[in-house]
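# Results of the structural survey
Each chain, letter by letter, is given below.
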Amino acid sequence: SAVISQKPSRDICQRGTSLTIQCQVDSQVTMMFWYRQQPGQSLTLIATANQGSEATYESGFVIDKFPISRPNLTFSTLTVSNMSPEDSSIYLCSVGGGYGSGAIYEQYFGPGTRLTVT
Amino acid sequence: AQSVAQPEDQVNVAEGNPLTVKCTYSVSGNPYLFWYVQYPNRGLQFLLKYITGDNLVKGSYGFEAEFNKSQTSFHLKKPSALVSDSALYFCAVCGMNRDDKIIFGKGTRLHILP
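Residues numbered from 1 in each chain as written. Chains lettered and ligands numbered in written order. Predicted model: local features only at pLDDT ≥ 70, side-chain atom pairs only at ≥ 80, totals over all residues. Heavy atoms only, no water.

### Some details on the overall build of chain B
Looking only at helices and strands, one finds 0 helices and 12 strands in chain B. Projected onto its principal axes, the C-alpha positions of chain B cover 45 × 30 × 20 Å. Residues classed as buried in chain B amount to 48% of the 114 residues present. When contacts within chain B are restricted to residue pairs at least 6 apart in sequence, long-range pairs at least 24 apart make up 57% of them. In the structure as shown, chain B presents an accessible area of about 5400 Å², 49% of it carried by carbon and sulfur atoms. Of the side chains in chain B, 11 bear a positive and 9 a negative charge, and the two mean positions are spaced by 4 Å. (Helix = DSSP H or I, 4+ residues; strand = E, 2+ residues; numbered from the N terminus. Buried < 20%, exposed > 50% of the residue type's maximum accessible area, 1.4 Å probe, protein only. Contact = heavy atoms within 4.5 Å. Areas by Shrake-Rupley, 256 points an atom, 1.4 Å probe, with all protein chains shown as cover. Lys, Arg positive; Asp, Glu negative; His and termini not counted. Charge placed at Lys NZ, Arg CZ, Asp CG, Glu CD.)

Set out below in structure tokens:
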């Protein structure tokens, strides 16, 4: 298993500002994932962050709005840019998982960052 | 396209009674299936998974799930509920194709009544 920490655990931000969320893992991992969990809804994958390459974004998410860094195998950041109230959500970092045959593992999640935009 | 459905937003069970949290899925080919639990102000925790083999999968905290291919279901069960089982439960599915992504259900809130 992996132990994942996130900073900050929560924040209240004004619209138009940006917030960077940090994710630290206690072991080296190839892929890290960022999810959004809006109130009363399921998890939505924002992007996959591989070390040494550009993040891969899911439909509906763009790099200008959610820039991601992955400087090494244990750390990643997600920035929520030019925030609006619609960005209020829980943002989760995750490692593990798999995308197809031969590589299916369970995922491990950080505790989440609860963001409120006013 | 892959999909997963949790038809119940909330399930209420008396402590000591058996519990079931329902999950159905749609995927081309054979599925990989997962259950996760989320306690308040915490991230998701892995409970169990089905990859292949025995249809009854046992996991953490006394939970188990039964894979039913004909009904495309993967219901989560526990013989005797505890108050501490109260949490949000997510079912997830992934197909076996290389480009398939893990899809999460919308979650079911489980309330165990003392």
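### Concerning the environment of A:Ser84
Its place among the elements puts A:Ser84 in the loop between strand 8 (75-80) and strand 9 (89-96). Setting aside chain neighbours within four positions, we find A:Ser84 in contact with A:Arg15, A:Lys65 and A:Val117.

### Points about the pattern of salt bridges
In the structure shown here, the tally under the stated rule is 6 salt bridges over all chains. We note a salt bridge from B:Lys49 to A:Glu106, for which the minimum N-O separation is 2.8 Å. Taken together, the residues B:Lys49 in strand 6 (residues 44-50) and A:Glu106 in the loop between strand 9 and strand 10 (107-109) connect one chain to another. Between B:Lys106 and B:Asp9 there is a salt bridge, with the nearest N and O atoms lying 2.3 Å from each other. With B:Lys106 in the loop between strand 11 (103-104) and strand 12 (108-113) and B:Asp9 in the loop between strand 1 (3-5) and strand 2 (10-14), the pair connects residues that are 97 residues apart, well separated along the chain. (Salt bridge = Lys/Arg side-chain N within 4 Å of Asp/Glu carboxyl O.)

### Quick look at the interface of chain B and chain A
Counting residues at the interface gives 25 residues for chain B, matched by 22 residues for chain A. Summed over both partners, the interface of chain B with chain A comes to about 1800 Å²; 55% of that surface belongs to carbon and sulfur atoms. Run the count over chain B and chain A and you get 1 salt bridge. Summed over the shared surface of chain B and chain A, the number is 5 residue pairs in polar contact (both at pLDDT 80 or more). Elements represented by at least two residues in the side of chain B that touches chain A include exactly strand 5 (32-38), strand 6 and strand 10 (87-94) of chain B. Ranked by residues supplied to the side of chain B that touches chain A, first place goes to strand 5 of chain B with 4 residues. (Buried area = accessible area lost by both parts, 1.4 Å probe. Polar contact = N/O pair within 3.5 Å; in protein donor to acceptor, adjacent residues only side chain to side chain.)

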